[in-house]
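Given next are the chains, with one letter for each unit.
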Amino acid sequence: MTFEPDPADLALSSIPGHETFDPRRHRFSEEELKPQPIMKKARKIQVPEEQKDEKYWSRRYKNNEAAKRSRDARRLKENQISVRAAFLEKENALLRQEVV
């Protein structure tokens, strides 16, 4: 079977500097494919300006970085799943043609 995924899709589903994601070989576990539960956000608490010291800004910076890493990891996983799904759909279509 000769299916070449779009290079743009592979770029979006691979981590720079690491091995390129290969939808032909990668298998997702049941746990990875389960939808994540929707969690309610906590209410925002306004911190008065006089309490915004160095410790506050350090924690804000660390939290913002962690949130960015989390969003990027989720986006990467979603892209990998969609590329793998496209590969499996193409493979399924070819196998159906062979059966017919």
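Residues numbered from 1 in each chain as written. Predicted model: local features only at pLDDT ≥ 70, side-chain atom pairs only at ≥ 80, totals over all residues. Heavy atoms only, no water.

- Within an unreviewed UniProt entry, the label attached to the chain reads BZIP domain-containing protein, and the organism entered is Balaenoptera physalus.
- Per UniProt, the comment on the chain under Sequence similarities (unreviewed entry) is "Belongs to the bZIP family. PAR subfamily." (UniProt positions renumbered as here; feature names shortened; annotations may be inferred.)

## Remarks on the overall build of the chain
Link 1 in the chain: Scanning the chain for helices and strands turns up three helices and zero strands.
Link 2 in the chain: Each helix (α) and strand (β) of the chain, taken in turn from the N terminus, gives the series α-α-α.
Link 3 in the chain: Scaling as 2.2 N^0.38, a compact globule of 100 residues should have a C-alpha radius of gyration of about 13 Å, whereas the chain reaches 21 Å, well beyond that.
Link 4 in the chain: For the chain, the C-alpha atoms occupy an extent of roughly 75 × 30 × 20 Å along the three principal directions.
Link 5 in the chain: The proportion of buried residues among the 100 residues of the chain is 14%.
Link 6 in the chain: Within the chain, contacts between residues separated by at least 24 positions form 72% of all contacts whose residues are at least 6 apart in sequence.
Link 7 in the chain: Carbon and sulfur atoms make up 53% of the accessible area of the chain, which totals about 9300 Å².
Link 8 in the chain: When the 22 positive and 18 negative side-chain charges of the chain are each reduced to one mean point, those points stand 7 Å apart. (Helix = DSSP H or I, 4+ residues; strand = E, 2+ residues; numbered from the N terminus. Rg over C-alpha atoms; globule rule 2.2 N^0.38 Å. Buried < 20%, exposed > 50% of the residue type's maximum accessible area, 1.4 Å probe, protein only. Contact = heavy atoms within 4.5 Å. Areas by Shrake-Rupley, 256 points an atom, 1.4 Å probe, with all protein chains shown as cover. Lys, Arg positive; Asp, Glu negative; His and termini not counted. Charge placed at Lys NZ, Arg CZ, Asp CG, Glu CD.)

## Regarding the environment of Arg43
Link 1 in the chain: Take Arg43: it is sitting in the loop between α2 (30-33) and α3 (54-99).
Link 2 in the chain: By relative accessible area, Arg43 is classed as exposed at 79%.
Link 3 in the chain: Taking the C-alpha atoms as reference, Arg43 lies 23 Å from Arg74; in sequence the two are 31 residues apart.

## Some points on the pattern of salt bridges
Link 1 in the chain: Using the criterion set out here, one finds eight salt bridges in the structure.
Link 2 in the chain: Across the pair Lys77 and Glu32 runs a salt bridge whose closest N-O atoms are separated by 2.9 Å. With a gap of 45 residues between them, Lys77 in helix α3 and Glu32 in helix α2 connect regions that are remote in the sequence.
Link 3 in the chain: What makes Lys77 partly exposed here is its relative accessible area of 26%. (Salt bridge = Lys/Arg side-chain N within 4 Å of Asp/Glu carboxyl O.)

## Here we look at the side chain of Gln80
Link 1 in the chain: On the secondary structure map, Gln80 appears in helix α3.
Link 2 in the chain: For Gln80, a relative accessible area of 12% translates into the label buried.
Link 3 in the chain: Residue contacts for Gln80: discarding those within four places in its chain leaves Ser13, Phe21 and Phe28.

## Thoughts on the confidence of the model for the chain
Link 1 in the chain: For the chain, per-residue confidence averages 86 on the pLDDT scale, and residues scoring 70 or more make up 96% of the total.
Link 2 in the chain: The element-level mean pLDDT for the chain is lowest in helix α1 (residues 7-12), coming to 75, with α3 highest at 92. (pLDDT = per-residue confidence, 0-100.)

## Comments concerning the UniProt feature "domain: BZIP" (unreviewed entry) in the chain
Link 1 in the chain: Those residues carrying the UniProt feature "domain: BZIP" (unreviewed entry) are residues 53-100 in this numbering.
Link 2 in the chain: Structurally, residues 53-100 comprises 96% helix and 0% strand, and the distance from its first C-alpha atom to its last is 71 Å.

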